[in-house]
Amino acid sequence: MADTIAAIASGLAHGGIGIVRVSGEQALAVGDAVVRLKKGSLAETRSHTARYGFVYDGEKPVDEVIALVMRAPHSYTGEDTVEIQCHGGPLIMRRILEATLKNGARLAEPGEFTKRAFLSGRLDLSQAEAVMELIQSQNEFARRASLEQLKGSVGEKIRELRGRILHQLAFIEAALDDPEHISLEGYPQQLEQELEPLIGEVRQLLKGAERGKILSDGIRTVILGRPNAGKSSLLNLLTGEERAIVTEIPGTTRDTLEESVQLGEISLRLVDTAGIRDTEDQVEKIGVERARRQAEQADLLLCVVDSSRPLNGDDRQILELLEGRRALVLLNKSDLPPVVAPEELAALVSAPVILFSAREGTGRRELEQRILQMFDAGEIGKGEQVTITNLRHREALEQALNSLLLVRESVGQGLPEDFFTIDLMEAYRQLGLILGEEVGEDLVNEIFSKFCMGK
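Here is what the cut-offs are and how they apply
- Residues numbered from 1 in each chain as written.
- Predicted model: local features only at pLDDT ≥ 70, side-chain atom pairs only at ≥ 80, totals over all residues.
- Heavy atoms only, no water.
- Helix = DSSP H or I, 4+ residues; strand = E, 2+ residues; numbered from the N terminus.
- Rg over C-alpha atoms; globule rule 2.2 N^0.38 Å.
- Areas by Shrake-Rupley, 256 points an atom, 1.4 Å probe, with all protein chains shown as cover.
- Lys, Arg positive; Asp, Glu negative; His and termini not counted.
- Charge placed at Lys NZ, Arg CZ, Asp CG, Glu CD.
- Patch = residues over 30% accessible without salt bridge, like charges linked within 9 Å, V, L, I, M, F, W, Y side chains within 5 Å.
- Salt bridge = Lys/Arg side-chain N within 4 Å of Asp/Glu carboxyl O.
- Buried < 20%, exposed > 50% of the residue type's maximum accessible area, 1.4 Å probe, protein only.
- Contact = heavy atoms within 4.5 Å.
- Arc of directions from axis to C-beta.

*Asks:* Honestly, the overall build of the chain in this entry has me stumped. Any pointers?
*Replies:* Along its length, the chain carries 15 helices and 13 strands. By the compact-globule yardstick of 23 Å for 455 residues, the chain is too spread out, its C-alpha radius of gyration being 29 Å. Its C-alpha atoms give the chain principal-axis dimensions of about 85 × 80 × 40 Å. On the chain, roughly 21,700 Å² of surface is accessible, and the fraction owed to carbon and sulfur atoms is 50%. Taking the 53 positively charged and 73 negatively charged side chains of the chain as two groups, their mean positions are separated by 7 Å.

*Asks:* In this structure, what is going on with a nonpolar patch on the surface? I would like to understand it.
*Replies:* The grouping of Tyr52, Phe54 and Ile66 at the surface amounts to a nonpolar patch, some 240 Å² of accessible area in total. With respect to the element layout, phenylalanine 54 can be found in strand 4 (residues 49-57). Note on phenylalanine 54: relative accessible area 34%, which makes it partly exposed.

*Asks:* Honestly, the side chain of glutamate 417 in this entry has me stumped. Any pointers?
*Replies:* With respect to the helices, strands and loops of the structure, glutamate 417 is situated in helix 14 (residues 417-435). Despite its burial, glutamate 417 pairs with no opposite charge, the nearest such side chain being arginine 408 at 17 Å. If we ignore the near neighbours within four places in the chain, the residues touching glutamate 417 are Ile172, Leu184, Tyr187 and Pro188.

*Asks:* Looking at this structure, how should I read helix 1 (residues 27-34)?
*Replies:* Working note: α-helix, 3.6 residues per turn, so residues spaced by three or four point in the same direction. Listed in full, the buried residues belonging to helix 1 are Ala27, Leu28, Val30, Gly31 and Val34. Down the axis of helix 1, the smallest arc covering the buried residues is 160 degrees, so these residues share one side.

*Asks:* How should the pattern of salt bridges be read in this particular structure?
*Replies:* For side chains bearing opposite charge, pairing can occur when the charged atoms are close. Under the counting rule described, the total for this entry stands at 28 salt bridges. Here glutamate 83 ties to arginine 21 by a salt bridge, and the two come within 2.9 Å at their closest N and O atoms. With glutamate 83 in strand 6 (residues 81-88) and arginine 21 in strand 2 (residues 15-23), this residue pair connects regions lying 62 residues apart in the sequence. What makes glutamate 83 buried here is its relative accessible area of 12%. Glutamate 366 serves as the salt-bridge partner of arginine 370, at 3.7 Å between the closest nitrogen and oxygen. With arginine 370 and glutamate 366 both in helix 12 (residues 364-374) and 4 residues apart, the pair spans about one turn of that helix. Residue class for arginine 370 comes out partly exposed when judged on its relative accessible area of 31%. Taken together, the shared-partner salt bridges in this structure form one network comprising Asp3, Glu79, Arg106, Glu112 and Arg116.

*Asks:* Can you help me understand the environment of leucine 405 in this one?
*Replies:* In this structure, leucine 405 sits in helix 13 (residues 391-412). Counting along the chain gives 209 residues from leucine 405 to glutamate 196, while the straight-line C-alpha distance between them is 9.4 Å. Not counting residues up to four positions away in its chain, the partners in contact with leucine 405 are Ile199 and Arg203.

Put into structure tokens, the structure is as follows:
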């Protein structure tokens with residue numbers, strides 16, 4: 001934290017402008033060493049002011065720039081910061097960065113600017129992690145959820161839960177230290193009443209976390225069906241491109257093919273698979289086995305059934321893979337004379353059945369609406385609901401919930417009050433991991449090492 005750091009913050013690529021960021025105690029001095037203004041200096045410049053000048057490397061002019069001055073604590077890092085906006089060429093940005101390094105700055109480590117924002121207290125750890133998730137967001141849901149977390153929605157909720165736990169801890173400790181003035185009579189029953197809403201709220205956060213993670217990363221959607229059912233045609237329809245080869249020859253698809261498509265505010269990670277059937281072809285057998293493995297890992301299964309051909313044993317085997325899973329059955333080729341009725345399929349599988357035609361696009365709108373409803377994608381992440389998308393946060397919540405359940409169990413068994421404090425404190429500590437109040441240096445370093453350079 002004593003070092004002044006610098007890095008290219010806009011990415012090392014050609015563009016209209018580039019940004020070199022300098023942060024630390026000597027940021028203004030480093031800025032003045034490389035940026036020459038027509039009048040005055042950056043050190044004399046008011047915070048959040050832009051100054052026009054030229055960057056020099058020694059006596060050699062490098063570029064015409066605008067320098068932004070942000071003084072502590074009102075900057076991204078909470079430190080004095082200078083951002084040099086230059087023309088967006090990789091060579092120019094490198095030359096300016098090298099000039100700052102020659103004049104007292106050192107090259108920032110990945111994520112070090114955000115790490116300093118965390119260490120200075122400007123961001124809690126959940127907000128800092130949201131920065132990277134916002135940068136990496138692949139769909140509108142992920143962007144919106146990350147932005148809400150960056151604004152502090154997760155931290156605010158976790159602090160509120162910790163405050164309620166701390167209140168119970170403080171009361172027990174005070175009563176144990178001063179039993180003459182603070183009575184614990186009837187307290188276990190009172191604690192049990194306080195625990196129920198706490199447990200319920202943590203469970204609600206975890207319930208949203210499962211869907212939140214899936215929707216943020218993209219719903220892994222595996223397309224299943226026997227050969228020539230129309231799986232590849234479905235992939236092509238949803239992607240809007242001829243990504244998969246479609247022929248009348250059964251078994252054309254021998255391996256998996258993955259594509260990502262947008263579905264409103266969320267995305268589907270589509271996986272087209274080989275047609276599942278009994279075969280003696282060794283290559284096709286490998287494809288069928290891969291299809292089964294993909295089905296086991298899927299968040300959503302789309303089973304394509306050819307309505308123009310009678311159901312056979314292969315269809316029934318595939319339908320068995322859907323039991324207990326999030327799945328939809330597409331009764332495809334509805335533009336042809338039907339042989340299979342929706343009622344016949346409904347009797348074999350609990351998943352919803354949709355009349356569909358990959359060739360004409362019939363049923364696509366219903367398919368999209370069903371998927372959004374299935375994952376509550378129209379509601380999650382909106383309004384006042386806090387959405388957890390980070391796996392580390394989810395694990396900490398699971399541990400906190402387990403500790404709260406142990407407290408409830410201790411109350412039910414009539415154990416002494418000092419037993420309650422052990423698990424209450426553990427729940428408090430686990431929730432603190434989300435905010436970064438209970439984390440070690442190694443974990444902090446690991447989290448920020450995944451950030452991009454300059455952020």
